[in-house]
Amino acid sequence: MNHSIFITIGIAFILFSIPQHSQAQDKSDVKTDQEILEEYERWSGMRDDWPNLSNYREANQQLGLPEEGEDRVVFMGNSITIGWSNLYPEYFEGKPYVNRGIGGQTTPQMLNRFRQDVIDLQPKLVVILAGTNDIAGNTGPATDKMILDNISSMAELAQAHDIDVILSSILPVYNYPWKPGLEPAERIITLNKKIRAYAEEHDLYYLDYFSSVADERDGMKKELASDGVHPNENGYKIMSELAEEAIQKVLGNKE
């Protein structure tokens, strides 16, 4: 199917999504040409680069390959991972740690960019933190099996290229501000058990953030996350200690 057909379908989808208004309805409810164009541009942007491969393409080229003896570690994830570098950059300073988080991403998007943003960088270790946005439905409905399949596929790709793997627990969430009413807490606990079981079965390190940051509701402790989902500086300090302990154990076992 060529691009012209994709564009035609996209425009048709947007046009047919416009409500059929009666004369009695407020004209302010009708989408303007500019609003239709903006919706199409958002749609076409996701169509053209759904996994956001362009986000780190230039940075990856500038980074280059590891120097001899460099213990490069790549952090693969979503906004929780990229927020780490923004709110607590001290953890990454002076270390061969590479942050490859992208806000809002789900596991299929990460799997799509895993070769470019992890394997091609030739790290010794990858720390994968993923799944919460799948539960929130950011790119559509996802079963626990779908999420675990994508996480395990990333792990298997890494191992196939002699990259060690740390699988992280999904952080606790009582309620997603952008998707209220899902009640994700119990599902996160269940999925974390499955991630842990997979890690143990395949001799991978399971990094348990959940136990250290969860409150009595199995949500994030209020003092660690202003919105209940994304850690603040205090939250990242706790995560940094746990991550560093895990990294040193895994890299130490290789020597």
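Residues numbered from 1 in each chain as written. Predicted model: local features only at pLDDT ≥ 70, side-chain atom pairs only at ≥ 80, totals over all residues. Heavy atoms only, no water.

### Quick word on the nonpolar core
Across soluble globular proteins, nonpolar side chains show a tendency to be buried alongside one another.
Okay, so step 1: Core analysis: the largest hydrophobic core is formed by 37 residues, its most contacted members being Phe-114, Val-126, Ile-128, Val-165, Leu-167 and Ile-195.
Okay, so step 2: Taken together, the elements giving at least two residues each to this core come down to strand S1 (73-77), helix H5 (107-117), strand S3 (125-128), helix H6 (132-136), helix H7 (144-160), strand S4 (164-168) and helix H8 (185-201).
Okay, so step 3: Aside from chain neighbours lying at most four places away, what touches Val-165 is Leu-125, Val-126, Ile-128, Ala-155, Ala-158, Gln-159, Leu-204 and Tyr-205. (Core = buried A, V, L, I, M, F, W, Y, C linked by side-chain atoms within 4.5 Å. Buried < 20%, exposed > 50% of the residue type's maximum accessible area, 1.4 Å probe, protein only. Helix = DSSP H or I, 4+ residues; strand = E, 2+ residues; numbered from the N terminus. Contact = heavy atoms within 4.5 Å.)

### Looking at the packing of H7 against H8
Okay, so step 1: Running from N to C, H7 and H8 cross one another at 35°; their axes reach a closest spacing of 11 Å. Between H7 and H8 lies a crossing whose hand is right-handed. The segment H7 lies against H8, with Asp-144, Ile-147, Leu-148, Ile-151, Ser-152, Ala-155 and Glu-156 engaging Arg-187, Thr-190, Leu-191, Lys-194, Ile-195 and Tyr-198.
Okay, so step 2: Considered class by class, the residues forming the contact of H7 with H8 number seven nonpolar, two polar and four charged. (Axes fitted to C-alpha atoms, helices over the stretch in contact; angles between N-to-C directions. Left-handed = near helix turned anticlockwise from the far one by under 90°. Nonpolar A, V, L, I, M, F, W, Y, C, P; charged D, E, K, R; others polar.)

### Section: the side chain of Ser-168
Okay, so step 1: By secondary structure assignment, the location of Ser-168 is in strand S4.
Okay, so step 2: By relative accessible area, which is 2% here, Ser-168 ends up buried.
Okay, so step 3: Sequence-distant contacts of Ser-168, that is, excluding residues within four places in its chain, are made with Val-127, Ile-128, Leu-129, Ile-195, Tyr-206, Leu-207 and Tyr-209.

### Overview of the packing of H5 against H7
Okay, so step 1: Two numbers describe how H5 lies on H7: the axes approach to 9 Å, and their chain directions differ by 15°. In this view, H5 runs roughly parallel relative to H7, as classed from their interaxial angle. In the crossing of H5 with H7, the sense of the turn from one axis to the other is left-handed. Contacts between H5 and H7 pair Thr-107, Pro-108, Met-110, Leu-111, Phe-114 and Arg-115 from the former with Ile-147, Asn-150, Ile-151, Ser-153, Met-154, Leu-157 and Ala-158 from the latter.
Okay, so step 2: Each residue belonging to the contact of H5 with H7 can be placed in one class, and the counts come to nine nonpolar, three polar and one charged. (Parallel < 35°, antiparallel > 145°, perpendicular 65-115°, else oblique.)

### Description of the confidence of the model for the protein chain
Okay, so step 1: Looking at the protein chain as a whole, its pLDDT mean stands at 88, while 82% of the residues score no less than 70.
Okay, so step 2: Across residues 1-28 the pLDDT falls below 50, and counting only partners more than four positions away or on other chains, this stretch makes 20 contacts in the model. (pLDDT = per-residue confidence, 0-100.)

### Re empty space enclosed by the protein
Okay, so step 1: Summed over all chains, the structure comprises one cavity of 30 Å³ or more.
Okay, so step 2: When its volume is computed, the largest cavity comes out at roughly 40 Å³.
Okay, so step 3: Around the largest cavity, the lining residues are Asn-78, Ile-80, Leu-129, Ala-130, Gly-131, Thr-132, Ile-170 and Leu-171. (1 Å grid on protein atoms, 1.4 Å probe; cavity = no way out; pocket = protein on both sides within 12 Å on 5 of 7 lines; lining within 4 Å. Points joined across faces, edges and corners; volume = space filled by probe spheres on them.)

### Thoughts on the side chain of Asn-192
Okay, so step 1: Note on placement: Asn-192 falls in helix H8.
Okay, so step 2: Look at Asn-192 and you get buried, because its relative accessible area is 6%.

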